[in-house]
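Structural overview for review
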Amino acid sequence: MANKFIVPDPGVCIGCKTCMAACLAKHDRGGEMAIPRLSVTYTLTVSAPVACHHCMDAPCVNACPVGALYEDPANHRVAIRQERCIGCRSCVMACPFGAVDIVTRTEPLVAGCEVFGTHEKAYVIKCDLCVDRPEGPACVQACLTKSLRLMDEDELARMQAQKRTDAVAGAGELSSIAGARIA
Amino acid sequence: MSVSIPGLEDAGCIMLFGYNPAASHPIVARRIVRAKQKGAKIIVIDPRYIETARIADIYIRINNGSNIAFLNAFANACVEGGYIDKEFIEEHTTGFDAWYETIKKYTPENTQKITGVDPATLRAAAKMYATSETGSVLGYGMGVCQQLQNVETVHTIASLACVTHNIGRPNSGVAPVRGQNNVQGSCDMGMLPNMYPGYQKVTDPKVREKFAKAWGVPVEKLSDHIGYRLTDVGENAAAGKVHAFYNFGEDPLQTEPDADELKKQLQGLDLLICQDIFMTQTCEIADVILPGTSWGEHDGVFSASDRTFQRFTAAVPPKGECRHDWQIFSEISTRMGYPMHYENTKEIWDEMRSLCPNFYGATYEKMEGLGYAQWPITSTDPDDHGTPTLFLGGTFTTPDHKAHLMAHDWEHPTELPDEDYPLILCTVREVGHYSCRSMTGNCKALSVLADEPGFIQIHPEDAAARGIEDGQIVRAWSRRGETYTRAHLNPRINKGTVYMTYQWWVGKCNRLTLHHTDNRSHTPEDKFSACNVEAIADQTWAEKHVAKEYAELKGRLADEAAAQEVAPKGEPVLA
Ligand code: SF4
Ligand code: SF4
Ligand code: SF4
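Residues numbered from 1 in each chain as written. Chains lettered and ligands numbered in written order. Predicted model: local features only at pLDDT ≥ 70, side-chain atom pairs only at ≥ 80, totals over all residues. Heavy atoms only, no water.

Focus on the overall build of chain B
Of regular secondary structure, chain B possesses 20 helices and 21 strands. Taken along the three principal axes of its C-alpha coordinates, chain B extends 75 × 70 × 45 Å. Across the 575 residues that make up chain B, the buried fraction comes to 53%. Restricting the contact set of chain B to residue pairs at least 6 apart, pairs at least 24 apart contribute 69%. Of the roughly 25,600 Å² of accessible surface on chain B, 54% is carried by carbon and sulfur atoms. Each charge sign in chain B was given a centre, from 55 positive and 75 negative side chains, and these centres are 3 Å apart. (Helix = DSSP H or I, 4+ residues; strand = E, 2+ residues; numbered from the N terminus. Buried < 20%, exposed > 50% of the residue type's maximum accessible area, 1.4 Å probe, protein only. Contact = heavy atoms within 4.5 Å. Areas by Shrake-Rupley, 256 points an atom, 1.4 Å probe, with all protein chains shown as cover. Lys, Arg positive; Asp, Glu negative; His and termini not counted. Charge placed at Lys NZ, Arg CZ, Asp CG, Glu CD.)

Describing the overall build of chain A
Of the regular secondary structure elements, chain A holds five helices and eight strands. For chain A, the N- to C-terminal ordering of α and β elements is β-α-β-β-α-β-β-α-β-β-α-β-α. A compact globule built from 183 residues should have a C-alpha radius of gyration of about 16 Å, whereas chain A, at 21 Å, is more than 25% larger. If one aligns the C-alpha atoms of chain A with their principal axes, the spans along those axes are about 85 × 35 × 35 Å. Sorting the 183 residues of chain A into buried and exposed places 40% on the buried side. Contacts in chain A between residues far apart in sequence, at least 24 positions, make up 53% of those at least 6 positions apart. With an accessible surface of roughly 10,100 Å², chain A has 57% of that area assigned to carbon and sulfur atoms. (Rg over C-alpha atoms; globule rule 2.2 N^0.38 Å.)

A few points about the domain arrangement of chain B
By a widely used convention, the size of an interface equals the accessible area lost when the partners come together. Structurally, chain B comprises domain 1 (6-177), domain 2 (183-382) and domain 3 (423-562). On a C-alpha basis, the centres of domain 1 of chain B and domain 2 of chain B stand 33 Å from each other. (Domains from an automatic or database assignment.)

Describing helix α16 (residues 325-335) of chain B
Residues and elements named next belong to chain B. Regarding α16, the residues found buried are W326, I328, S330 and S333. Those residues of α16 hidden inside the fold are in contact with β9 (244-248), β10 (271-276), β11 (288-291) and α17 (345-355). Just past α16, the residue G337 takes up positive phi, approximately 105°.

Some words on the sheet that holds strand β21 (residues 529-535) of chain B
Residue and element names in this part refer to chain B. Taken in spatial order, the six strands of this closed barrel run β16-β20-β17-β19-β18-β21, and their pairing is mixed. Shown here is a sheet whose adjacent strand axes are inclined to one another by a mean of 45°, direction ignored. As paired elements, strand β16 (residues 423-428) and strand β20 (residues 497-501) share five bridges and run parallel to each other. Bridge pairing in β20 links V428 to T501. (Pairing = 2+ DSSP bridges. Axes fitted to C-alpha atoms, helices over the stretch in contact; angles between N-to-C directions.)

Let's talk about the interface of chain B and chain A
With 18 residues of chain B in contact, the opposing surface of chain A contributes 22 residues. A combined buried area of about 1,700 Å² lies between chain B and chain A, and 64% of that area is made up of carbon and sulfur atoms. For chain B, the biggest contributors to the area lost against chain A are R54(B), L449(B) and R492(B); these three give 31% of the whole. Inspection of the chain B/chain A interface yields one salt bridge. Put simply, D28(A) and K444(B) hold a salt bridge, and the shortest N to O gap is 2.8 Å. Taken together, the links from chain B to chain A amount to ten residue pairs in polar contact (both at pLDDT 80 or more). Mapped by element, the contributors of at least two residues to the side of chain B that touches chain A are α2 (26-37) and α18 (444-449) of chain B. No other element matches α2(B), which puts six residues into the side of chain B that touches chain A. Counted by class, the side of chain B that touches chain A contains twelve nonpolar, one polar and five charged residues. (Buried area = accessible area lost by both parts, 1.4 Å probe. Salt bridge = Lys/Arg side-chain N within 4 Å of Asp/Glu carboxyl O. Polar contact = N/O pair within 3.5 Å; in protein donor to acceptor, adjacent residues only side chain to side chain. Nonpolar A, V, L, I, M, F, W, Y, C, P; charged D, E, K, R; others polar.)

Examining the packing of aromatic side chains
All names here are of chain B. Taken as a whole and judged by the stated rule, the model has 20 aromatic pairs over all chains. With centroids separated by 5.6 Å and ring planes inclined at 40°, the aromatic side chains of Y199 and W375 adopt a geometry described as tilted. Of this pair, Y199 sits in the loop between β7 (195-196) and β8 (200-201) while W375 sits in the loop between β14 (373-374) and β15 (403-404), placing them 176 residues apart in sequence. What makes Y199 partly exposed here is its relative accessible area of 30%. Consider the rings of W349 and Y364, whose centres lie 6.5 Å apart with planes at 45°: the pair is tilted. With a gap of 15 residues between them, W349 in helix α17 and Y364 in the loop between α17 and β14 connect regions that are remote in the sequence. Y364 carries the same exposure label as W349, and that label is buried. Sitting over the ring of Y499, R48 keeps its end group 5.1 Å from the ring centre. (Phe/Tyr/Trp six-rings, centres within 6.5 Å; stacked < 30°, edge-to-face > 60°. Lys NZ or Arg CZ within 6 Å of the ring centre and 35° of its normal.)

Let's talk about the sheet that holds β11(B)
All names here are of chain B. On the basis of which strands lie adjacent, the open sheet formed by three strands has the order β9-β10-β11 and parallel pairing. Because the sheet does not close on itself, it has two edges, and the strands there are β9 and β11. The sheet shows a mean angle of 15° between the axes of neighbouring strands, taken without regard to direction. The sheet contact formed by β9 and β10 spans five bridges and is parallel. Bridged to N247 within β10 is C274. Running over the sheet, α16 touches β9, β10 and β11 and is turned about 155° from β9.

Some thoughts on the nonpolar core
Most often, soluble globular proteins keep nonpolar side chains buried together rather than apart. Judged by nonpolar contacts, the single largest core of 43 residues is most densely connected at F17(B), I43(B), F70(B), F74(B), W99(B) and Y129(B). The biggest single contributor to this core is helix α3 (residues 67-80) of chain B, with eight residues. Residues contacting F74(B), with those up to four places away along its chain left out, are M15(B), L122(B), A125(B), A126(B), Y129(B) and L160(B). Counting residues in hydrophobic clusters, the runner-up holds 30 residues, among them I6(A), C52(A), V124(A) and L129(A). (Core = buried A, V, L, I, M, F, W, Y, C linked by side-chain atoms within 4.5 Å.)

A closer look at empty space enclosed by the protein
Inspection of the entire model under this criterion finds eight cavities of 30 Å³ or more. In this structure, the largest cavity encloses a volume near 410 Å³. Taken together, 32 residues line the largest cavity, and the ones lying closest to its centre are G18(B), M142(B), G143(B), V428(B) and K527(B). Elements with a contribution of two residues or more to the lining of the largest cavity: α1 (21-24), α8 (142-145) and β16 of chain B. For the lining of the largest cavity, the element with the highest residue contribution is β16(B), accounting for three residues. Across the lining of the largest cavity, the residue classes tally to twelve nonpolar, 14 polar and six charged. Two domains each put at least three residues into the lining of the largest cavity: domain 1 (6-177) and domain 3 (423-562) of chain B. The computed volume of the second largest cavity comes to approximately 100 Å³. Residue lining of the second largest cavity: 15 residues in total, with C52(A), H53(A), C55(A), C60(A) and C95(A) positioned closest to the centre. Among the residues making up the lining of the second largest cavity, the classes are represented as twelve nonpolar, two polar and one charged. (1 Å grid on protein atoms, 1.4 Å probe; cavity = no way out; pocket = protein on both sides within 12 Å on 5 of 7 lines; lining within 4 Å. Points joined across faces, edges and corners; volume = space filled by probe spheres on them.)

Concerning the layout of surface pockets
Counted as a void, the second largest pocket has a volume near 890 Å³. What lines the second largest pocket is a set of 36 residues, among which K17(A), Y42(A), V431(B), H488(B) and N490(B) lie closest to the centre. Counting only elements with at least two residues in the lining of the second largest pocket, the list comes to β2 (39-42) of chain A together with α1, α18, β17 (455-458) and β19 (482-489) of chain B. Of the residues that constitute the lining of the second largest pocket, the class distribution is 19 nonpolar, nine polar and eight charged.

A few points about the site of ligand 3
Residues in close proximity to ligand 3 total 13 residues, the closest being C13(A), C16(A), K17(A), C19(A) and C143(A). Residues of the shell around ligand 3, tallied by class, amount to eight nonpolar, four polar and one charged. (Near = heavy atom within 4 Å.)

Next up, the structure:
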């Protein structure tokens, strides 16, 4: 099975960032960073959030020297092992969507039950598809214009089929048989 | 508004004029998206290419401060194109000839220099708005109300809706939105210097008699003249006409124009009382602070912009010494010699209903759960939820039941840009934070998404001319004051104008804005003043400077608030 990912419909997106607030709130708990995993991005004519595409041959996974990012086929996503991240930002440079970020925070340096001081711990900030959330992606549920959806293989196949139907509809005009004009 | 917000989805055409719903009311923006999905035509007229412009059939970039010139030309194009409804005008309006005397002077061509609008596009928009089969709604916001000619523009919009018969029938009308949650409710409940609840005039002796009787006081005790407006309090304090100011649920030092001057004026008062839920900058200079409760801690009724009453109930009990606003008012009234006592908000509401015929049918029972009541609502029949559309059939609330057409000549805004202050400053909303930010600033998620020193939106070309890069701290100043804020280079806005949101404490645009109010609504001209912006070479210094200012301000407010940690002396405050 192929990976899933979040896609916006920029036509109905109103740029309200509710999806970002929902993503942040979902991740606002121990061991995680309260930072949105998707960024609403504005150009002159488009407003839409950008999130990780969970690439099937992911540049970030290929670029990560320590395996902090990895393919997680069971959950149809590219997943994170936070404990391995060394904050080298190879993924940030490799990702063609600007969908991954590295953020650090000061944490105690612990060995056994002893604290030896503090260090800067790096975190990968990237969409995790909210796989541990029973209701599914928080952003999709929060979007008030229903701009967001979780794209999976079936949905992609439906989209492709529709596009083929649309494409062939006009092709009737190109018929070489006179009078065989198809409405 | 004359229409209902859910009804927007069924309009044939929605024209937005000086209103950016995606930033001010995302819920309304969602309705407009749905209307578009159902086939409505959308027209957006705004100096900025706002979110809704992206789905508009016609977008018109209008020059700041040219509203009346544009609308007059628009009305002219409707007459010239034959899109007006002569029968409706004849039967349901008065004053057409005088109205047209003014309108005919403004053509799409001769106003182009003022408005910056291409005549052909203006005509196409006029046709689209005026000829929609299903009916058109004209939505407007602070882009109309916070201008020098605000009341005039409202007259012009209403007249336009009348002559094209886009009022008085279903799915059409005018949709003025309110700036904040429950502003409509404040007006409905008579929080105006000229009205009792239910829009009953303080100058009307019959009205005074009715209220005096209900409240058991001699009629002479009720004021028979119009009081001062909030926007005039500062000047009146400075002039010695106002000595005490009881301010509740407002932070004027954040939200009112020329805030530095206002602070001096309020500091000269004999008594300043603030009733709030957080330590705001106005609370900081108050003599007395009365701790109220937040929306999550009390019961009540909100009115939406479309006249819909909705009940809400407390989620959690109040903490510490906090009391509901109505309890505080009752206590103060009792101590001032007029015993006032209510058990709950329903008692207050029922008393209010009994005195306001237009609200009489809005019972608590109807508003149970997700229920609602939309005024005018006179019947208590449980199935009657009120009036979604006003003036159906062309019957208006004037003495002769007709609409009185009004037109006005255009005047330029008060403070025009010049050599020293070449940029227009216009205040707007951003998504995320709300009003003076005393509430949303305390919300972690929203602060992560946007925080101090806020933003100034500037066109990339205006920024390039000043050597300003996106995200840099800049200095902005006007004849009134200066502020430091972050540049947001935005290609969607027009050149020559910068946009700031009044919610930021450090990047406070109201240190710059002009305090100029019109003499009818007394609303400040927040949408137009002159300023300048410059780059700061040493960004490290600038970042440190704003961080320090923010920390100092928060520290000062926290110190002020710490006074409440001390146990109150003597008798408990409330009986
Ligand atoms: S972070 Fe970027 S490269 Fe990696 S899977 Fe997501 S979109 Fe692909
Ligand atoms: S799916 Fe979850 S993690 Fe991914 S962007 Fe949406 S809310 Fe954030
Ligand atoms: S919540 Fe939906 S409409 Fe709002 S910014 Fe996100 S995708 Fe766009």
